[in-house]
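Topology and contacts: notes
Read off the chains here:
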Amino acid sequence: FSPESVNSAIERLSSEGWLSEERFAESYVRSRVRKSPEGKRIILMRMREKGTPLETAERALDEAWSSKAYLEPLLEYYSALVRKKGEVKAEETLYKKGFSYSEIKEAKELYKSQGEDEIGKEKN
């Protein structure tokens, strides 16, 4: 393809909203939160490695964290880790995956209040 046709296609896709840093960032955060729960620090680092502008990445993360979109997947992951490794190792693993102490504490409190048997039942 000629450079002109490539540039034209990129401009058209951008103007129609198909190429958007914001859409990429929002989609990436949703995917990382659901697929393999990671905290803000790790997701931000991964997005920056992919070339996402800092402000765009932070905005997408702030939106996901303010809506607590990360909490249910985090709770399910924490529950699975506790069953496999125990509470202390579960907390260490979550910290290494970029979650803050307060986020881990929130998941731990929910885990204890809901009980192991109740976590994840909404999906079944």
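Computed from a predicted model, the values in this text were never measured in an experiment. (Residues numbered from 1 in each chain as written. Predicted model: local features only at pLDDT ≥ 70, side-chain atom pairs only at ≥ 80, totals over all residues. Heavy atoms only, no water.)

This next bit is on the packing of aromatic side chains. If you walk through the whole model with that rule in mind, you get three aromatic pairs. Measuring from centroid to centroid gives 4.6 Å for Trp 65 and Tyr 70, while their planes differ by 10°, and the two rings are stacked. A relative accessible area of 9% means that Trp 65 is categorised as buried. Among the residues examined, Tyr 70 registers a relative accessible area of 4% and is labelled buried. The side chain of Arg 41 reaches across the aromatic face of Tyr 95, ending 4.8 Å from its centre. (Phe/Tyr/Trp six-rings, centres within 6.5 Å; stacked < 30°, edge-to-face > 60°. Buried < 20%, exposed > 50% of the residue type's maximum accessible area, 1.4 Å probe, protein only. Lys NZ or Arg CZ within 6 Å of the ring centre and 35° of its normal.)

Following the criterion strictly, the structure yields nine salt bridges and no others. Of the charged contacts in the structure, one is a salt bridge between Lys 40 and Asp 62, with a shortest N-O distance of 3.1 Å. Placement of Lys 40 in helix α3 (residues 40-49) and of Asp 62 in helix α4 (residues 54-66) is noted, with a sequence separation of 22 residues between them. Its relative accessible area of 43% is what places Asp 62 among the partly exposed residues. One salt bridge connects Glu 92 with Lys 89, and the closest N-O pair in it is separated by 3.8 Å. Linking Glu 92 with Lys 89, this pair stays in helix α6 (residues 87-96), spanning three residues, or about one helical turn. For Lys 89, a relative accessible area of 46% gives the class partly exposed. (Salt bridge = Lys/Arg side-chain N within 4 Å of Asp/Glu carboxyl O. Helix = DSSP H or I, 4+ residues; strand = E, 2+ residues; numbered from the N terminus.)

You can see Val 29 is positioned in helix α2 (residues 21-35). For Val 29, the contacting residues outside a window of four places in its chain are Ile 43, Met 47, Ala 60, Leu 61, Ala 64 and Trp 65. (Contact = heavy atoms within 4.5 Å.)

Turning our eyes to something else, we now look at the packing of α6 against helix α7 (residues 101-114). At a minimum axis separation of 10 Å, α6 and α7 run at an interaxial angle of 140°. As α6 packs across α7, the resulting crossing turns out to be right-handed. Residues Glu 87, Glu 91, Leu 94 and Tyr 95 of α6 touch α7, and the partners they reach there are Ile 104, Lys 108 and Lys 112. Split into classes, the residues belonging to the contact of α6 with α7 amount to three nonpolar, no polar and four charged. (Axes fitted to C-alpha atoms, helices over the stretch in contact; angles between N-to-C directions. Left-handed = near helix turned anticlockwise from the far one by under 90°. Nonpolar A, V, L, I, M, F, W, Y, C, P; charged D, E, K, R; others polar.)

Time to look at helix α1 (residues 3-15). With 13 residues, α1 should reach 18 Å at 1.5 Å per residue; the first-to-last C-alpha distance of 18 Å fits that figure. Within two residues after α1, Gly 17 carries a phi angle of roughly 85°, on the positive side. (Expected span 1.5 Å × (residues − 1).)

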